[in-house]
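Architecture at a glance
In case you want the letters, here they are:
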Amino acid sequence: MSADDEKPPLDAALRHLAEQQRRSLTSHPTPQELAVYHAGELPPEAESRLLDHLAVCRDCSDLLLDLAGFADLKPPQGVPELTDEQVEQDWQALRSRMRAGEGREERTAEVVPIRPAGPPMKPARWTSLWLPVAASILAVLGFSFSLYQTVQVGALRQQLEAQSKPWSTTSVPLDDTTHRSGGEGTVQRMKSVDGAVLSLYHDEEVYPAYEAEIVGQGKLKAAPPLEDGLPVTLVIPRRSLGPGIHTIRLFGVKGDQRDEVGEYKIQVDEP
Amino acid sequence: MAMTDDFGPGDQGLMYTPEDLYQRYYRPVVAFFLRRGVPIEESRDLAQETFLRVFKNMDSFRGESAVETWLFQIAGNLYKNTLRSLQAQKRDAQEVSLESAEAGVVELRSKEGDALRGILTEERSRLLRAALEDLPPQMRQAVYLRVDGDLKYREIAELMHVSIETVKAHLYQARQHLRDRLGDYFRDSES
């Protein structure tokens, strides 16, 4: 036996050390934290701490790798993909659960809609919106403070106020408008590289079909509410909008009839 | 997935209704749970629950997130909650057998460790830890991901937000450093 054979292999020793560190881990990042890290939006110190964790935690690094390739995730080796019949069967089951209103009781606060521009809202309803709005703002402020330290709120707010007149009747700070807010003409914010799912509420009757016009860009179909009280859903495709504030006009479509039911604004950040 | 006619070229014309969203992402969401070791029927249940929450909570969607990121967060939370509740059930119902099961897992995982224990003296462990501490954080992280996580260069680059070339450079330099510092105490696995 040579002297070298008596030495332990370095890689095995490293794995042993990593195993010891893994056993001492007391907590793991949440999916939200992983998503923020994935977007490159963690402050450097937090990013380094998270990477230290990922280095020895295979579960979390696997989770993050799955996020990176989410759209194309495949089952593990040896497990077959779902058949079209199974997918359809699950869709029908899901629709039944939606129709039965399942999950509704989990809501703890009133849904706070983005309101379209238009006639002034009734005072009673306006007032009733503010409590959940304030709660949302506080929650988002806390979250934003820890994650986004460099948002230039002042300049952006000025830009927003200048461009959104006459719709803007509230002055919700721009970094809060990523969440739901209750003022007319308030703006949801998205990154230019991302797609977005927008929930658009309006006060008119529910139409069987909807169409959205992004002014100066083009038109998209929007999905009608799955049931009364739920919003119209509009998906903005990835990388489809450039930076700036865009106006979205929503039309209800019934046969040949096409009625404008709301106008909304969306802020797209610089990449 | 429907294509509109006048929204612009390429990807820009894509849009989703809830059904489109489901058709596009249902299989990846089921795969997400399968890849975590969740059995197929439970994976389908959890995937349905994910979409149920998506459709019920459109109003709380943060518009800055990509659709995939949003789905990932909801699915990830469901998975973690399910894991916690399974662990709690096991603790409540089978405290004794769980302990023995856990002991079995630890035993399996540390099989290699046990084999090492005889030759990995306290002195060697201390030297190894010190040598790793001296590495710049990114280099150390790359070494762990490569050696312990058994990840490919591309995966490490993805996790660390750096290029594959940077990963290779980190690993090369780290191995040189460790070889210089620990050559008298450890056998380089590459040699």
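Residues numbered from 1 in each chain as written. Chains lettered and ligands numbered in written order. Predicted model: local features only at pLDDT ≥ 70, side-chain atom pairs only at ≥ 80, totals over all residues. Heavy atoms only, no water.

1. Description of the overall build of chain A
Across its full length, chain A carries eight helices and seven strands. The long-range share in chain A, meaning contacts at least 24 apart out of those at least 6 apart in sequence, stands at 63%. Accessible surface, chain A as shown: approximately 13400 Å² in total, 52% of it carbon and sulfur. (Helix = DSSP H or I, 4+ residues; strand = E, 2+ residues; numbered from the N terminus. Contact = heavy atoms within 4.5 Å. Areas by Shrake-Rupley, 256 points an atom, 1.4 Å probe, with all protein chains shown as cover.)

2. A word on the pattern of salt bridges
Summed over the entire model, instances satisfying the criterion amount to 22 salt bridges over all chains. A salt bridge links E19(A) to R23(A), with the shortest nitrogen-to-oxygen separation between them at 3.2 Å. Of this pair, E19(A) and R23(A) are both found in helix 2 (residues 10–23), four residues apart, which corresponds to roughly one turn of the helix. Judged by relative accessible area, E19(A) falls into the buried class, the value being 12%. Here R23(A) falls in the partly exposed class, since its relative accessible area comes to 49%. In this structure, D134(B) engages R181(B) in a salt bridge whose closest nitrogen and oxygen atoms are separated by 2.4 Å. Remark: R181(B) occurs in helix 9 (residues 164–182) and D134(B) occurs in helix 6 (residues 122–134); sequence separation between them is 47 residues. Within the structure, one salt-bridge network assembled from shared partners comprises E19(A), R22(A), R23(A) and D148(B). (Salt bridge = Lys/Arg side-chain N within 4 Å of Asp/Glu carboxyl O. Buried < 20%, exposed > 50% of the residue type's maximum accessible area, 1.4 Å probe, protein only.)

3. Here we look at the confidence of the model for chain A
Looking at chain A, pLDDT values average 69 and 59% of them are 70 or higher. Counting contacts from residues 103–127 of chain A, a segment whose pLDDT is below 50, to residues more than four positions away or on other chains yields 62 contacts. (pLDDT = per-residue confidence, 0-100.)

4. Thoughts on unusual backbone geometry
Residue and element names in this part refer to chain B. Non-glycine residue D150 carries a positive phi angle of around 55°. Of note, D150 is situated in the loop between helix 7 (137–147) and helix 8 (153–160). Take D150: its relative accessible area is 62%, and that puts it in the exposed class. With a phi angle near 60°, H161 is a residue other than glycine that sits in the positive phi range. Structurally, the position occupied by H161 is in the loop between helix 8 and helix 9.

5. Quick notes on the side chain of S61(A)
By secondary structure assignment, the location of S61(A) is in helix 5 (residues 58–68). At 3.1 Å, the side chain of S61(A) forms a polar contact with the backbone oxygen of R58(A). (Polar contact = N/O pair within 3.5 Å; in protein donor to acceptor, adjacent residues only side chain to side chain.)

6. Here's the deal with the packing of helix 4 (residues 44–56) of chain A against helix 5 of chain A
Residues and elements named next belong to chain A. Here helix 4 crosses helix 5 at 110°, and the two axes come no closer than 5 Å. If you check the angle between helix 4 and helix 5, you find them roughly perpendicular. Mapping the contact onto sequence places H53, L54 and V56 in helix 4 and R58, C60, S61 and L64 in helix 5. Here the contact of helix 4 with helix 5 is composed, by residue class, of four nonpolar, two polar and one charged. (Axes fitted to C-alpha atoms, helices over the stretch in contact; angles between N-to-C directions. Parallel < 35°, antiparallel > 145°, perpendicular 65-115°, else oblique. Nonpolar A, V, L, I, M, F, W, Y, C, P; charged D, E, K, R; others polar.)

7. Let's talk about helix 7 of chain B
For helix 7 of chain B, a buried count of eight out of eleven residues is recorded, marking the element as mostly surrounded by other parts of the structure. Taken as a whole, helix 7 of chain B has its buried residues at M139(B), R140(B), Q141(B), A142(B), V143(B), Y144(B), L145(B) and V147(B). The inward-facing, buried residues of helix 7 of chain B abut helix 2, helix 4 and helix 5 of chain A together with helix 6, helix 8 and helix 9 of chain B.

8. Digging into the packing of aromatic side chains
What describes a pair of aromatic rings is the distance from one ring centre to the other and the angle between the planes of the rings. With the rule as written, the count across this model stands at eleven aromatic pairs over all chains. Pairing W91(A) with F55(B) gives two aromatic rings, centres 6.3 Å apart and planes at 85°, and the pair type is edge-to-face. You can see W91(A) sitting in helix 6 (residues 84–99) and its partner F55(B) sitting in helix 2 (residues 40–56), one on each of two chains. You'll find W91(A) and F55(B) in the same group, each marked buried. Taken together, W91(A), Y22(B), Y26(B), F51(B) and F55(B) form an aromatic cluster joined through their ring pairs. A cation over a ring is seen here: R258(A) above F251(A), with NZ or CZ 3.9 Å from the ring centre. The lysine or arginine in question, R24(B), covers the ring of Y25(B), its NZ or CZ lying 4.9 Å from the ring centre. (Phe/Tyr/Trp six-rings, centres within 6.5 Å; stacked < 30°, edge-to-face > 60°. Lys NZ or Arg CZ within 6 Å of the ring centre and 35° of its normal.)

9. Let's talk about the pairing of strand 7 (residues 257–269) of chain A
All names here are of chain A. Here eleven bridges tie strand 6 (residues 244–254) to strand 7, and the two strands are oriented antiparallel to one another. Note that in strand 7 the partner of V253 across the bridge is R258. Counting the residues in the hairpin turn of strand 6 and strand 7 gives two residues, including G255, whose phi is positive at 60°. (Pairing = 2+ DSSP bridges.)

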